[in-house]
Amino acid sequence: MAEQFDVAVIGAGAAGMMCAAVAGQRGLRVVLLDHAERIGEKIRISGGGRCNFTNLGTSAANFLSDNPHFCRSALSRYTPQDFLALLARHHIGWHEKHKGQLFCDDSAQQIIDMLVAECAAGDVSWRQPCKLKALSRSEERWQLDTSLGQIDCASLVVATGGLSIPKIGASDLGHRIARQFDIPVVAPRPALVPLSFDPAAWAPFAELAGLALEVEVSSASGHFREDLLFTHRGLSGPAILQISSYWQPGEAIQINLAPDEARLGEALIDAKPGNRQHLATILAQTLPRRLADTWVQRHGLQGKPLADCSDKALRALAQELQAWSLLPSGSEGYRKAEVTRGGVDTRALDQKTMMARSQPGLYFVGEVMDVTGWLGGYNFQWAWASAYAAGMAV
Ligand code: FDA
């Protein structure tokens, strides 16, 4: 005999727990199932263990999607202030780090504990670890055949997240459920991910591994000013994670390594007369020393006093520093990506409820959908907001 519920939620991550709690607290009979041994793992490892749980500046402009206006409605109905009010009820301290990014004072585990407590307040039933073996629909209800028995429910919420970090439970189940019911899926790919380069082309820069500096980075459709980090295989740091979400394979990215210098080449030329200081020493007033040395070496100007450098050589060096064009060979993939771009096509969903228009009673929330936030707490805000919208609608 199948157990009867009003709502089944698949995936006990950020969005799934939030949605189950909201629906349960409305008095609905809710079951939440997850295949992982430990729930909320992405919350636990997020924000360096302190969970960057929202961003005060959240707006639709901070998200990528093939349907960019879709997220507006849910974001406006559950805001960062709403989440802060929830934290206040659970006495969870927080602080702002940078550009509106809010973190827990103590630990990300507090967010998981809060969501579990909110589920308990809604009398949510748990099935975990629990695998979905088959899903079907009949008589306007959903039948779930799981490793812990049969479930029959009126509404099904898919909150299985994206594909990144498979070793902590990510799977494509949400995309498969969409396809099973003829709901289109925008091709997924890793986002907020370090970019890698052909090893031979990268060899001259590999020695810069560990070096970080603030840069401006741009691609055909994105532009950010953030920190960049050189790694052994390529580039990482917030600047690169941000641009990776916009980057398309085969496309070059441009980096300005000295974004505060409006006219570096001309300034060097103006400073030339009688200047016997080494070019690398002068550049090191603007750039980290290791980077200045590498750049001067790349241009064959090592050991040269500024006065002895030709204007042409100085312009070429400055040009490469301020409009460094690079062709990534790929990304570090889902193993390292913070999120997945693409997912369930939101053009098939209702923006107020997150329900599939062609499948009454089937909802998608969180990262499984084609709504991808920038780095900085936006992805969790989307998880909370979309989950709240569905939790109120089921
Ligand atoms: P989430 O991934 O949280 O949950 C999905 C759940 O579904 C998991 O519990 C999983 O086990 C379960 N599941 C998957 N397949 C299943 C199946 N077949 N059967 C049953 N259950 C299944 N964002 C942010 O805003 N601020 C931050 O600081 C960070 N930091 C960060 C760090 C790292 C290392 C990563 C990888 C990601 C982040 N993120 C982030 C992104 C953020 O973690 C992510 O966007 C949200 O967790 C998405 O919430 P969801 O609930 O949609 O998926």
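Note that the coordinates shown come from a computational prediction; the quantities given were computed from them, not determined experimentally.

Conventions we followed
- For every chain, the first residue of the written sequence is number 1, and numbering continues from 1 along that sequence.
- Only residues with pLDDT of 70 or above have their local features reported here, since the model is predicted, and side-chain atom pairs are shown and tallied only from 80 upward, although totals for entire chains, interfaces and linings are computed over all residues.
- Hydrogens are left out, water is left out, and the side-chain values use all remaining heavy atoms of the structure.
- DSSP-based pairing: two strands are paired if at least 2 bridges between them are found.
- Secondary structure follows DSSP: runs of H or I at least 4 residues long count as helices, runs of E at least 2 residues long count as strands, and numbering of each begins at the N terminus.
- Orientation is described by axes fitted as lines to C-alpha atoms, over the contacting stretch for helices, and by angles from 0 to 180 degrees between their N-to-C directions.
- Contacts between residues were defined by any pair of non-hydrogen atoms, one from each residue, lying within 4.5 Å.
- What counts as a salt bridge is simple: a side-chain nitrogen of Lys or Arg found within 4 Å of a carboxyl oxygen of Asp or Glu.
- When a residue's accessible area, from a 1.4 Å probe over protein chains only, is under 20% of the maximum for its type it is buried; when over 50% it is exposed; and in between it is partly exposed.
- Whether a residue is near a molecule or strand depends on its heavy atoms: it is near if one of them lies within 4 Å of it.
- Polar contact is the term for a pair of N or O atoms within 3.5 Å; when the atoms are in protein, one must be able to donate a hydrogen and the other to accept it, and sequence-neighboring residues count only if both atoms are side-chain atoms.
- Accessible areas in this description were obtained via Shrake-Rupley with a 1.4 Å probe; residue shielding takes into account the shown protein chains only.
- Put simply, angles under 35 degrees are roughly parallel, angles over 145 are roughly antiparallel, angles from 65 to 115 are roughly perpendicular, and the rest are oblique.
- Crossings are classed by handedness, with left-handed meaning an anticlockwise turn of the near helix from the far one by less than a right angle and right-handed meaning a clockwise turn.
- Just so you know the grouping, Ala, Val, Leu, Ile, Met, Phe, Trp, Tyr, Cys and Pro go in nonpolar, Asp, Glu, Lys and Arg go in charged, and all remaining residues, Gly too, go in polar.
- By nonpolar core we mean a set of buried residues, namely Ala, Val, Leu, Ile, Met, Phe, Trp, Tyr and Cys, connected to one another through side-chain atoms within 4.5 Å.
- Stacked, tilted and edge-to-face pairs are distinguished by plane angle, under 30 degrees for stacked and over 60 for edge-to-face with tilted covering the rest, among Phe, Tyr and Trp rings (Trp via its six-membered ring) whose centres lie within 6.5 Å.

A few words now on the sheet that holds strand β6 (residues 101-104). The strand order across the open sheet built from 3 strands is β3-β6-β5, with neighbouring strands paired in antiparallel fashion. The sheet is open, and its two edges are formed by β3 (52-55) and β5 (94-96), each paired on a single side. The average angle at which neighbouring strand axes cross in this sheet is 30°, direction not considered. Taken together, the 3 bridges between β3 and β6 define a ladder with antiparallel strand orientation. Residue pairing in the sheet places Thr 54 in a bridge with Leu 102 of β6. Strands in contact with helix α4 (residues 80-89) are β3, β5 and β6; relative to β3, the strand with the most contacts, it is inclined by about 140°.

Side chains bearing opposite charge may pair, as long as their charged atoms lie close to each other. Inspection of the entire model under this criterion finds 20 salt bridges. Here Arg 263 makes a salt bridge to Asp 270, at a shortest N to O gap of 3.2 Å. Among the salt bridges present, the one from Asp 345 reaches Arg 347, with a minimum N-O distance of 3.0 Å. Given a relative accessible area of 8%, Asp 345 falls into the buried group. Since its relative accessible area comes to 44%, Arg 347 is described here as partly exposed. Here the salt bridges share partners, and the residues they tie into one network are Glu 214, Glu 216, Arg 225 and Asp 260.

For the ligand, the set of nearby residues contains 29 residues, the closest of which are Ala 15, Asp 34, Ser 171, Glu 367 and Phe 380. At 2.8 Å from an oxygen atom of the ligand is found a main-chain nitrogen or oxygen belonging to Ala 15. Residue Gly 47 places a main-chain N or O atom 3.2 Å away from an oxygen atom belonging to the ligand. For the ligand, the accessible surface in isolation is 1,000 Å², of which the surrounding protein chains cover 92%. Elements that contribute at least two residues to the shell around the ligand include exactly α1 (14-25), α2 (41-45) and α13 (378-393).

This part covers unusual backbone geometry. Cis geometry is adopted by the peptide bond preceding Pro 129, which originates at Gln 128 and carries an omega value of -5°. Turning to its location among the elements, Pro 129 is positioned in the loop between β7 (125-127) and β8 (132-138). Phi at Cys 51 takes a positive value of approximately 55°, unusual for a residue other than glycine. Note that Cys 51 resides in the loop between α2 and β3. When its relative accessible area of 0% is taken as the criterion, Cys 51 is described as buried.

Moving on, we come to the packing of α1 against α13. It is at 8 Å that the axes of α1 and α13 come closest, and there the two elements cross at 30°. The angle between the axes of α1 and α13 places the two elements in the roughly parallel class. As for the relative orientation of α1 and α13, their crossing is right-handed in sense. Each of Ala 14, Ala 15, Met 18, Cys 19, Val 22 and Ala 23 in α1 lies in contact with α13, whose residues at this interface are Phe 380, Ala 383, Trp 384, Ala 387, Tyr 388, Ala 390, Gly 391 and Met 392. The class makeup of the residues in the contact of α1 with α13 is 13 nonpolar, 1 polar and no charged.

This part is about the sheet that holds strand β12 (residues 195-196). Ordered by their spatial adjacency, 7 strands build an open sheet running β17-β16-β13-β14-β15-β12-β18, and the pairing between neighbours is antiparallel. Both edges of this open sheet fall to β17 (324-326) and β18 (330-331), since each of them pairs with a single strand only. In terms of strand pairing, strand β13 (residues 212-218) meets strand β16 (residues 253-256) through 3 bridges, oriented antiparallel. The residue of β16 that forms the bridge with Glu 216 is Asn 256. Helix α8 (residues 238-246) contacts β12, β13, β14 (223-230), β15 (234-236) and β16 of the sheet and is inclined by roughly 125° relative to β14. In this fold helix α12 (residues 311-322) packs onto β16 and β17, with an angle of close to 115° to the strand it touches most, β16.

Judged by nonpolar contacts, the single largest core of 81 residues is most densely connected at Phe 53, Ile 111, Leu 144, Leu 362, Phe 364, Trp 382 and Trp 384. At 9 residues, α13 tops the list of elements feeding residues into this core. Contact partners of Ile 111, with chain neighbours within four places excluded, come to Ile 43, Cys 51, Phe 53, Phe 83, Leu 87, Cys 104 and Trp 384. Formed by 44 residues, the second largest nonpolar core is a distinct cluster that contains Trp 202, Trp 247, Ile 253 and Ala 292.

A separate point is the packing of aromatic side chains. Inspection of the entire model under this criterion finds 19 aromatic pairs. On the numbers, 5.0 Å between centres and 35° between planes, the contact of Tyr 78 with Tyr 388 is tilted. Here the residue Tyr 78 occupies a position in the loop between α3 (72-77) and α4, and Tyr 388 occupies one in helix α13, the gap between them amounting to 310 residues. Residues Trp 374 and Tyr 378 carry aromatic rings whose centres are separated by 6.1 Å and whose planes lie at 80° to one another, so their mutual orientation is edge-to-face. Looking at Trp 374, the relative accessible area reads 23%, which means it is partly exposed.

So, on to the side chain of Asp 370. As for its placement among the helices and strands, Asp 370 is situated in the loop between β20 (362-364) and β21 (372-373). Within the local environment of Asp 370, its side chain forms a polar contact with the backbone nitrogen of Asp 66, the two atoms lying 2.9 Å apart. In this structure, Asp 370 is in contact with Leu 64, Ser 65, Asp 66, Asn 67, Val 186, Gly 342, Gly 343, Val 344 and Thr 346, ignoring residues within four places of it in sequence.

Looking along a regular strand, one sees side chains alternate from face to face of the sheet. Sheet topology note: the β16/β17 ladder contains 3 bridges and is antiparallel. Within β17, the position partnered with Ile 253 by the bridge is Leu 326.

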